Amino acid sequence: MSRELVIEAGRAERQYWKDLWHYRELFLILTWRDVAVQYKQTVVGILWAILRPLLTMAAFTFVFAKVAKLPSEGVAPYPLMVFAAMLPWQLFATAITGTANSLVVNSNLVSKVYFPRIIVPAATIGVAVADFVISFVLLGGMMLWYQYLPPIQFFAIVPLILLASLVALGPGLILCALNVTYRDFRIIVPFITQFGLYLSPVGFSSSIVPEKWRLLYECNPMVGVIDGFRWAVLGSIEFPQRALCISLVYAVIFLFFGIKIFRKTERTFADVI
């Protein structure tokens, strides 16, 4: 069926959210394109999604378990505890980096064709989810190797994947809007993800954090996501209710302001990009 496009002052603003539904196929096309481009013309290809968390897990296990002698989560082997945390962190880091750079990478498309621009950063989440799925297969192999059976709450990883994506999308939209005008943010974003890796319980257990600092520590929204993922996959820790609530509140607040800032600056993208 053909659709009639009416060009009228202010119409795009009034029809913006309805246009998101009309352009849903574009969202799927951009998502598929980003996933295909991620692995096209690469020597390692899909194996990169496995090697990156695997090598990081090996380094963290050596530093924190062998050198620092930090404890694991319950009876879970230390490599399994680290790898289970690497998956949601990799999802977050890939999503926020891709989202922040999405409009600059797609500058030709943004400057020539009308569509709700928020589709572009939202579509980049698909690459992060694709990497997550590939790495998750390796996690299953590791659990078989260590003969570690998943607990009954294993399927809670589905809403946790969604939460990790939302935690990344909110600030990603803000960085995306700023990156169009100020290209310095291409340097800042990798620093944020690298610095945040060491502030999040990826290479260590949250149980080593003193109780007096625990609330401040849980203000990092990825603490709740990572501990929630370990609870779902390993079942060796208590359900991190407070940390997950903080992560959810963070995701909602930043998503609200992310959309608001993105929409406010969206009309200037085609001129300055």
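Structural notes, computed from the coordinates. Bear in mind the structure is a predicted one, so any value in this text is a computation, not a measurement.

A word on the overall build of the protein. The helix and strand inventory of the protein stands at 14 helices and 0 strands. Ordered by position in the sequence, the α and β elements of the protein form the string α-α-α-α-α-α-α-α-α-α-α-α-α-α. In terms of overall dimensions, the protein is globule-like: its C-alpha atoms have a radius of gyration of 20 Å, near the 19 Å expected for 273 residues. Judged by the C-alpha coordinates and their principal axes, the protein covers about 65 × 45 × 35 Å. Here the protein holds 273 residues, and the buried ones make up 48% of them. Within the protein, counting contacts between residues at least 6 apart in sequence, those at least 24 apart form 80% of the total. Averaging the coordinates of the 22 positive side-chain charges in the protein and doing the same for the 15 negative ones gives two points 3 Å apart.

Counted under the stated rule, the structure contains 13 aromatic pairs. A connected cluster of aromatic rings, assembled from ring pairs, spans Phe-132, Phe-136, Phe-154, Phe-155 and Phe-229. Arg-24 extends its terminal NZ or CZ atom over the ring of Trp-21, reaching a point 4.1 Å from the ring centre. One cation-aromatic arrangement involves Arg-117 over Phe-115; the distance from NZ or CZ to the ring centre is 4.9 Å.

Between its first and last C-alpha, helix α12 (residues 221–233) extends 19 Å over 13 residues, near the 18 Å set by a 1.5 Å rise per residue. In terms of burial, α12 is a largely internal element, 13 of the 13 residues being buried. Just downstream of α12 lies Gly-235, where phi reads positive at about 65°.

Taking 1.5 Å per residue, 26 residues should reach 38 Å; helix α13 (residues 241–266) reaches 37 Å between its end C-alpha atoms and fits that length. Looking at α13, one finds that the buried residues are Ala-243, Leu-244, Ser-247, Ala-251, Gly-258, Phe-262, Arg-263 and Glu-266.

We now examine a nonpolar patch on the surface. On the surface, Val-249, Ile-253, Phe-254, Phe-256, Phe-257 and Ile-261 cluster together into a nonpolar patch covering about 530 Å² of accessible area. Within the secondary structure, Phe-256 is located in helix α13.

We now examine the packing of helix α9 (residues 157–181) against α12. At a closest axis distance of 10 Å, the pairing of α9 and α12 adopts a crossing angle of 165°. If you check the angle between α9 and α12, you find them roughly antiparallel. Once α9 is placed against α12, the crossing between them reads as left-handed. The segment α9 lies against α12, with Ile-157, Leu-160, Leu-163, Ala-164 and Val-167 engaging Pro-221, Met-222, Val-225, Gly-228, Phe-229, Ala-232 and Val-233. In terms of residue class, the contact of α9 with α12 is made up of 11 nonpolar, 1 polar and no charged.

So, on to the side chain of Asn-106. Among the structural elements, Asn-106 can be located in the loop between α5 (78–105) and α6 (107–112). For Asn-106, the side chain forms a polar contact with the side chain of Arg-33, separated by 2.7 Å. Setting aside its immediate chain neighbours within four residues, Asn-106 contacts Arg-33 and Val-120.

Let's shift gears to the environment of Trp-89. Tracing the sequence through the fold places Trp-89 in helix α5. Trp-89 sits 43 residues away from Phe-132 along the chain, and the two C-alpha atoms are 9.6 Å apart. With sequence-adjacent residues up to four places away left out, Trp-89 is seen in contact with Thr-193, Gly-196, Leu-197, Ser-200, Val-202, Met-222 and Ile-226.

Turning next to the state of the cysteines. Taken as a whole and assessed by the stated rule, the structure comprises 0 disulfides. Among the cysteines around Cys-219, which has no disulfide bond, Cys-245 carries the closest sulfur, lying 13 Å off. On the basis of relative accessibility, which here comes to 47%, the residue Cys-219 falls in the partly exposed class.

It is worth spelling out unusual backbone geometry at this point. With phi around 55°, Gln-147 is a residue other than glycine that occupies positive phi space. Locating Gln-147 in the fold gives a position in the loop between α8 (125–145) and α9. Taking relative accessible area as the criterion, Gln-147 reaches 72% and is therefore assigned exposed.

The rules behind these values
- Residues numbered from 1 in each chain as written.
- Predicted model: local features only at pLDDT ≥ 70, side-chain atom pairs only at ≥ 80, totals over all residues.
- Heavy atoms only, no water.
- Helix = DSSP H or I, 4+ residues; strand = E, 2+ residues; numbered from the N terminus.
- Rg over C-alpha atoms; globule rule 2.2 N^0.38 Å.
- Buried < 20%, exposed > 50% of the residue type's maximum accessible area, 1.4 Å probe, protein only.
- Contact = heavy atoms within 4.5 Å.
- Lys, Arg positive; Asp, Glu negative; His and termini not counted.
- Charge placed at Lys NZ, Arg CZ, Asp CG, Glu CD.
- Phe/Tyr/Trp six-rings, centres within 6.5 Å; stacked < 30°, edge-to-face > 60°.
- Lys NZ or Arg CZ within 6 Å of the ring centre and 35° of its normal.
- Expected span 1.5 Å × (residues − 1).
- Patch = residues over 30% accessible without salt bridge, like charges linked within 9 Å, V, L, I, M, F, W, Y side chains within 5 Å.
- Areas by Shrake-Rupley, 256 points an atom, 1.4 Å probe, with all protein chains shown as cover.
- Salt bridge = Lys/Arg side-chain N within 4 Å of Asp/Glu carboxyl O.
- Axes fitted to C-alpha atoms, helices over the stretch in contact; angles between N-to-C directions.
- Parallel < 35°, antiparallel > 145°, perpendicular 65-115°, else oblique.
- Left-handed = near helix turned anticlockwise from the far one by under 90°.
- Nonpolar A, V, L, I, M, F, W, Y, C, P; charged D, E, K, R; others polar.
- Polar contact = N/O pair within 3.5 Å; in protein donor to acceptor, adjacent residues only side chain to side chain.
- Disulfide = S-S within 2.5 Å.

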